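A structural walkthrough
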Amino acid sequence: MVVVWELLPDKKLKQPEDMPENSNDFDPAVRETILNEAAASESFPEAQPIVNAHAHTFYSFNYKEYSPTTFALEAKRAGLEIGGIVDFDVLDGLDEFWAASRRLDLKGCIGLESRVFVPEFSDRVINSPGEPGISYHMGTGFTTTDIPVKAQEFLDGMRQTSETRNRAMADRVNAYLDPLVLDYDKDVAPLTPNGNATERHLCLAYARKAAAQYPEESALRTFWGEKLGVAPEDLKELPEGRAITDLIRAKTMKKGGVGYVQPDSGSFPKMADMNQFVLLSGALPTITWLDGTSDGECAIEELVEVSRSTGAVAFNIIPDRNYTPGSPDQKLANLQHVVKLSDDLGLPLIAGTEMNSPGQKFVDDFDSAELNPLRQSFLRGGWILHAHSTLQKAHGMGYLSDWAKGNFSDVHLKNNFYAEFGEVFSPRGETVLVDRLNNEMVPAEVLALAGEAMGSA
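I will try to describe carefully the structure that is included in this document.

What counts and how
- Residues numbered from 1 in each chain as written.
- Predicted model: local features only at pLDDT ≥ 70, side-chain atom pairs only at ≥ 80, totals over all residues.
- Heavy atoms only, no water.
- Helix = DSSP H or I, 4+ residues; strand = E, 2+ residues; numbered from the N terminus.
- Rg over C-alpha atoms; globule rule 2.2 N^0.38 Å.
- Buried < 20%, exposed > 50% of the residue type's maximum accessible area, 1.4 Å probe, protein only.
- Contact = heavy atoms within 4.5 Å.
- Areas by Shrake-Rupley, 256 points an atom, 1.4 Å probe, with all protein chains shown as cover.
- Lys, Arg positive; Asp, Glu negative; His and termini not counted.
- Charge placed at Lys NZ, Arg CZ, Asp CG, Glu CD.
- Phe/Tyr/Trp six-rings, centres within 6.5 Å; stacked < 30°, edge-to-face > 60°.
- Lys NZ or Arg CZ within 6 Å of the ring centre and 35° of its normal.

Attention now goes to the overall build of the chain. Looking only at helices and strands, the chain features 17 helices and nine strands. Over its C-alpha trace the chain gives a radius of gyration of 22 Å, about what one expects of a compact globule, namely 23 Å for 457 residues. Dimensions of the chain, computed from the C-alpha atoms along their principal axes, are close to 70 × 55 × 50 Å. Counting across all 457 residues of the chain, residues that qualify as buried make up 56%. Long-range contacts, defined as pairs at least 24 residues apart, comprise 72% of the intrachain contacts of the chain with a sequence gap of at least 6. Surface exposure of the chain reaches about 18,700 Å², of which carbon and sulfur atoms provide 50%. Where the 42 positive side-chain charges of the chain centre and where its 68 negative ones centre are 2 Å apart.

Two numbers describe a pair of aromatic rings. These are the distance of the centres and the angle of the planes. Taken as a whole and assessed by the stated rule, the structure comprises 19 aromatic pairs. Ring geometry for Phe88 versus Tyr136: centroids 6.2 Å apart, planes at 70 degrees, classification edge-to-face. Remark: Tyr136 occurs in strand S6 (residues 134–140) and Phe88 occurs in strand S4 (residues 80–88); sequence separation between them is 48 residues. There is no split in this pair, since Phe88 and Tyr136 are both buried. Following the ring pairs from residue to residue traces out a cluster consisting of Tyr399, Trp403, Phe408, Phe417, Tyr418, Phe421 and Phe425. A cation sits over an aromatic face here: Arg102 above Trp98, 3.8 Å from the ring centre. Across the ring face of Phe121, the terminal group of Arg124 is positioned such that the distance to the ring centre comes to 3.9 Å.

As structure tokens, then:
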């Protein structure tokens, strides 16, 4: 069963009549109740060789307003082999998603994304359009919010920096869009449970306030046409669809817009500092990839080495952005190149479709002619990430642990072990694993225990 929620003008979600509550409710107790009812009553399909390990939730921005619980449920209903969440600048969804994935026997993982400064690429655009030296960057495989003080200070700083940046942007855009003016605390912060708003929340808030302020379509078109420099009749998907919210973002918040301020080396943390935070938290620093068309990503071998020099050990790709179905092009060639590069270097691949913009797929089309040849690399990366998360949480035996360092002298041998564990083991065997696992075991013993745990689960 796949539930489709209807978004109402008052920002609440209309649920189907046969469900008394919804799993996107901001009340965690409501979400937990829905999860338990679904786990007890639904029959889920067998897992298929598909993966989305990079879905945002409503703790940053998900265009369907999915909570961590909802994404876990929909991943299980869709038969994902691995499902994972990634939010901007926060780990707020970690405990909920971990619990949901255990309850549903879903192979899962949790990540965090932000933007960083890369000094070695200060004069080259990487994957943040129009912003030389600035790169989206990730940590994956977080298993706890109980992190060292130094790591917590960094995490708190990311959240605060993001909020300060967004509030200042809203002030600049307000001055331009006047008489359409947002109250950040009333119109923006409540759109996400813990107030961690993003630029996309700002766009949605402006679209909704404009619709309320100009209820007649002709007046709404006139307002946006004048402010955004577009013929009113050419405006699409009013009042708050993807076309209009993307246009608001492009015209007011991105380079050239009234709200935009060119970042410098002090606007975002350095990549090396974010990598250190991720390592301190027991997770895996992860390189992100857009499509290989920028100056920075054209030098991908150099960028990878710069990233690896401060701890990066995994590679994230959004496959859907990297090919045109039925039409081989340069982006597809770039994708094939970075997949091979990652495989050769032993960098586990993380794939996902984000869901942070209306219309994005829930899961990539791995049956397509373009992605099917790459499917195994993405599945393998997902298994490695799931195995790392499971073993790190259970006994501190994750991918970068002292146990891993003591047992694997070669990254490819290490990847083989974690991939095999991740393919075999799922959360339903966790009780046996946690009870009997210990870091005196050699890899073969751990694999044997994983098989035994699954056999007795």
